[in-house]
Amino acid sequence: MALIDFSDAQAVKPAPDISTMFMAGVVGTGLWEVWSRQVAHIAFAQDLSFGEALQFALHIEQRIFAELLFIGLAIAILPIAYLFIWQPLMRLFTLTARQNWFVDGLSYGVILSAPLAYFGLEPITAEAAATPIWAWVAGVSMATLGVAGIIRLMELGRKVI
C-alpha cells in the first residue's frame, strides 16, 4: 500500500508544439498590428509603432526592415516568454495548478507594458510620446490575450485541461 495516493494528481501539461507557438505568435502580432495601425490611427490620428522604436534604437535606415524585425521578434518571443517565463511565474505566485488564461494573458500584457510606463516614449519620437500610455498598454494586452487564448484553445483541442 502506498503512503501517498497520486490518483487525483493533475498531469503536467505538455509544452505546445512549434506550430502552436507560431500560430499564437502570429495571432498576437496580428492583433497588435490591427490595434496599432487601425484603431489607434482612428482614435489618435497616428500609428503606434514598435518598428519606429527599433529603427531609432538600432539606427536602421529603412523603416520596412525595422518593421519586419519587430514582427519576427514578436512572433517568436511573445509565445516563448508566455509559456516558459510568465505561466511558471503565475503558477508560483497563485499556488494553483489551474489558471485562468484570460487573467494570465491580461497580466502578461500589463507587465510587458511596464517599461513603456516607466521609461516613457519621449526618447523614441515626439509623436509616440503624444499617445496616451493606456493605448500602448491596451494594444500589448490585446496581443498577449491573443497568445494566451490560442495556446489555451490548442490545449483544449488536445484534451489537456
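Computed from a predicted structure; not experimentally measured.

1. Details of the overall build of the protein chain
Point 1. In terms of helices and strands, the protein chain carries seven helices and zero strands.
Point 2. N-terminal to C-terminal, the α/β element order of the protein chain is α-α-α-α-α-α-α.
Point 3. Looking at the protein chain as a whole, 37% of its 161 residues qualify as buried.
Point 4. Within the protein chain, counting contacts between residues at least 6 apart in sequence, those at least 24 apart form 67% of the total.
Point 5. About 9800 Å² of surface is accessible on the protein chain, with carbon and sulfur atoms providing 73% of the total.

2. A short note on the packing of aromatic side chains
Point 1. Taken as a whole, this structure holds four aromatic pairs when the rule is applied.
Point 2. Ring geometry for Tyr82 and Tyr108: centres 5.6 Å apart, planes at 50 degrees, overall tilted. Here Tyr82 is found in helix H3 (residues 63-94), whereas its partner Tyr108 is found in helix H4 (residues 101-112), with 26 residues between them in sequence.
Point 3. Using a relative accessible area of 1% as the deciding quantity, one classes Tyr82 as buried.
Point 4. Through successive ring pairs, a cluster of aromatic residues spans Tyr82, Trp86 and Tyr108.

3. Here we look at a nonpolar patch on the surface
Point 1. Judged by side-chain polarity, Ile80, Phe84, Ile85, Leu89, Leu92 and Phe93 come together as a nonpolar surface patch covering roughly 630 Å² of accessible area.
Point 2. Turning to its location among the elements, Phe93 is positioned in helix H3.

4. Considering the nonpolar core
For soluble globular proteins, nonpolar side chains are generally found buried alongside one another.
Point 1. By size, the foremost hydrophobic cluster in this structure holds 25 residues, and its most contacted members are Trp32, Leu48, Leu78, Tyr82, Tyr108, Val147 and Ile151.
Point 2. At the level of elements, helix H1 (18-44), H3 and helix H7 (133-157) are the ones that each hand at least two residues to this core.
Point 3. The dominant element in this core, judged by the number of residues it contributes, is H3, at nine residues.

5. Quick word on the side chain of Thr20
Point 1. For Thr20, the location among the structural elements is in helix H1.
Point 2. Within the local environment of Thr20, its side chain forms a polar contact with the side chain of Asp17, the two groups lying 2.6 Å apart.
Point 3. For Thr20, the contacting residues outside a window of four places in its chain are Ile150, Ile151 and Met154.

6. A short note on the confidence of the model for the protein chain
Atom-level detail of predicted coordinates should not be read off regions where pLDDT is low.
Point 1. Of all residues in the protein chain, 76% attain a pLDDT of 70 or more, and the chain-wide mean is 78.
Point 2. The least confident element of the protein chain, judged by mean pLDDT, is helix H6 (residues 126-130) at 60; the most confident is H1 at 89.
Point 3. Below pLDDT 50 for its whole length, residues 5-9 participates in zero contacts with residues either more than four positions away or in separate chains.

7. Some thoughts on unusual backbone geometry
Point 1. With a phi close to 55 degrees, His59 is a non-glycine residue in the positive phi region.
Point 2. The residue His59 is located in the loop between helix H2 (50-58) and H3 in this model.
Point 3. Owing to a relative accessible area of 69%, His59 belongs among the exposed residues under this scheme.

Conventions used here
Every residue gets a number counted from 1 within its own chain, in the order that chain's sequence is written. Reporting of local features is limited, given that this is a predicted model, to residues whose pLDDT is at least 70; pairs of side-chain atoms are given and counted only at 80 or more, and all residues count toward the totals for whole chains, interfaces and linings. Just so you know, side-chain values use all the structure's heavy atoms and leave hydrogens and water out. Secondary structure elements follow DSSP: runs of H or I of four or more residues count as helices, runs of E of two or more count as strands, with numbering from the N terminus. Three exposure classes are used, based on accessible area relative to the maximum for each residue type with a 1.4 Å probe and protein chains only: buried under 20%, partly exposed in between, and exposed over 50%. Residues are treated as being in contact if the distance between any of their heavy atoms lies within 4.5 Å. With residues, only the protein chains shown are counted as cover, and all accessible areas are computed by Shrake-Rupley using a 1.4 Å probe. Two aromatic rings from Phe, Tyr or Trp, using only the six-membered ring of Trp, form a pair when their centres are within 6.5 Å; if the ring planes differ by under 30 degrees the pair is stacked, by over 60 it is edge-to-face, and anything between is tilted. Residues enter a patch when their relative accessible area is above 30% and they make no salt bridge; the linking distance is 9 Å between like charges and 5 Å between nonpolar side chains (Val, Leu, Ile, Met, Phe, Trp, Tyr). Salt bridge, as used here, is a side-chain nitrogen of Lys or Arg placed within 4 Å of a carboxyl oxygen of Asp or Glu. By nonpolar core we mean a set of buried residues, namely Ala, Val, Leu, Ile, Met, Phe, Trp, Tyr and Cys, connected to one another through side-chain atoms within 4.5 Å. In protein, a polar contact requires one atom able to donate a hydrogen and another able to accept it; more generally it is a pair of N or O atoms within 3.5 Å, and residues adjacent in sequence count only if both atoms are side-chain atoms. The predictor's confidence in any single residue is recorded as pLDDT, a number from 0 to 100.

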